[in-house]
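Each chain, letter by letter, is given below.
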Amino acid sequence: MGQCLIYNESLRFSRATYGVMLLIAILIRNQWLVLLAATLIILGVFTLKLNIPYQLHKLIRKNKIAPMPKELGELNFVAGATGMLLLIGFALVYFNKFVDFAWAYLLIVDLMIFLACFVGFCVATLTYIFFKKLFGKNRNNLQ
């Protein structure tokens, strides 16, 4: 997969925005806000230009730190995995299946988003690296 240039502080702002949006949804128990957050995150899978908070922060940022190269596959996987986790929580709430569990599950997902935002430890990135190494070994063995 190709590389792209990422403004790390804009990516953190984007994650913080989604985390706050999800936290508000959990506190007021609004399933539609969960769906909105999931949809906005999943839009980022298609192109980084559709990640609205990232693009907004990139336009208004004050410090001029150079962007860092990042693997595009990693960014797409993280956005897709996070969006799917949120969609699962939304579906559980929407169809009234294990509703209390679903809100607790969404809170855990939100905590993982904040962990990635503030600490820089992203579970989805680690999963991506694990799968890349796992399937990369199989490709090397076949050649």
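Note that the structure is predicted; figures quoted are calculated from it, not measured. (Residues numbered from 1 in each chain as written. Predicted model: local features only at pLDDT ≥ 70, side-chain atom pairs only at ≥ 80, totals over all residues. Heavy atoms only, no water.)

J.: How should I be thinking about the overall build of the protein in this particular structure?
T.: Broken down by element type, the protein carries six helices and two strands. Taken from N to C terminus, the helices and strands of the protein fall in the order β-α-α-α-β-α-α-α. Once the C-alpha set of the protein is aligned to its principal axes, its extents read approximately 50 × 45 × 25 Å. For the protein, the computed accessible surface area is about 8,900 Å², with 71% contributed by carbon and sulfur atoms. In the protein, 14 positive and 5 negative side-chain charges are present, and the distance between their average locations comes to 7 Å. (Helix = DSSP H or I, 4+ residues; strand = E, 2+ residues; numbered from the N terminus. Areas by Shrake-Rupley, 256 points an atom, 1.4 Å probe, with all protein chains shown as cover. Lys, Arg positive; Asp, Glu negative; His and termini not counted. Charge placed at Lys NZ, Arg CZ, Asp CG, Glu CD.)

J.: I keep staring at the nonpolar core and nothing clicks. Help me out?
T.: Among soluble globular proteins, nonpolar side chains are generally buried collectively. Leu22, Val34, Leu86, Trp103 and Leu106 are the most contacted members of the largest nonpolar core, which totals 21 residues. For this core, the elements supplying multiple residues, two or more each, are helix H1 (8-28), helix H2 (31-46), helix H4 (72-94) and helix H5 (99-119). Discounting residues that sit within four places of it in the chain, Leu86 has contacts with Leu22, Val34, Ala37, Ala38, Ile41, Leu106 and Val109. Counting six residues, the second-largest nonpolar core is a separate cluster that includes Cys4, Ile6, Tyr7 and Leu75. (Core = buried A, V, L, I, M, F, W, Y, C linked by side-chain atoms within 4.5 Å. Buried < 20%, exposed > 50% of the residue type's maximum accessible area, 1.4 Å probe, protein only. Contact = heavy atoms within 4.5 Å.)

J.: Explanation requested: H2 in the structure shown.
T.: Each α-helix turn comprises 3.6 residues. Residues three or four places apart therefore point the same way. With 16 residues, H2 extends 24 Å from end C-alpha to end C-alpha; this agrees with the ideal 22 Å at 1.5 Å per step. Among all positions of H2, only Gln31, Leu33, Val34, Ala37, Ala38, Leu40, Ile41 and Gly44 are buried. Put simply, Asn30 is the residue that caps the front of H2, since its side-chain oxygen is 2.9 Å from the backbone nitrogen of Trp32. (Expected span 1.5 Å × (residues − 1). Polar contact = N/O pair within 3.5 Å; in protein donor to acceptor, adjacent residues only side chain to side chain.)

J.: Explain the environment of Val99 here, please?
T.: Assignment of secondary structure puts Val99 in helix H5. The contact partners of Val99, leaving out residues within four places of it in the chain, are Leu92 and Val93.

J.: What exactly am I supposed to notice about the side chain of Glu74 here?
T.: Mapped onto the secondary structure, Glu74 falls in helix H4. Relative accessible area serves as the criterion here: at 13%, Glu74 is assigned to the buried category. Once residues within four sequence positions are removed from consideration, Glu74 is found in contact with Thr125 and Tyr128.

J.: It is not clear to me how the pattern of salt bridges should be interpreted in this structure. Could you clarify?
T.: Should their charged atoms come close, side chains of opposite charge can pair. Applying the stated criterion across every chain yields a total of three salt bridges. A salt bridge links Asp100 to Arg29; the nearest nitrogen and oxygen atoms lie 3.7 Å apart. One end of the pair, Asp100, is in helix H5; the other, Arg29, is in the loop between H1 and H2, with 71 residues separating them in the sequence. With relative accessibility at 59%, the residue Asp100 sits in the exposed group. By relative accessible area, Arg29 is classed as partly exposed at 47%. (Salt bridge = Lys/Arg side-chain N within 4 Å of Asp/Glu carboxyl O.)

J.: Which parts of the structure should I look at to understand the pairing of strand E1 (residues 3-6)?
T.: Along any regular strand, the residues point their side chains to alternate faces of the sheet. Only one face of E1 is buried: it carries Cys4 and Ile6, and the other face, with Gln3 and Leu5, is open. Judged from the four bridges that link them, E1 and strand E2 (residues 68-71) form a sheet pairing that is antiparallel. Among the inter-strand pairings, Ile6 is bridged to a residue of E2, identified as Met68. (Pairing = 2+ DSSP bridges.)

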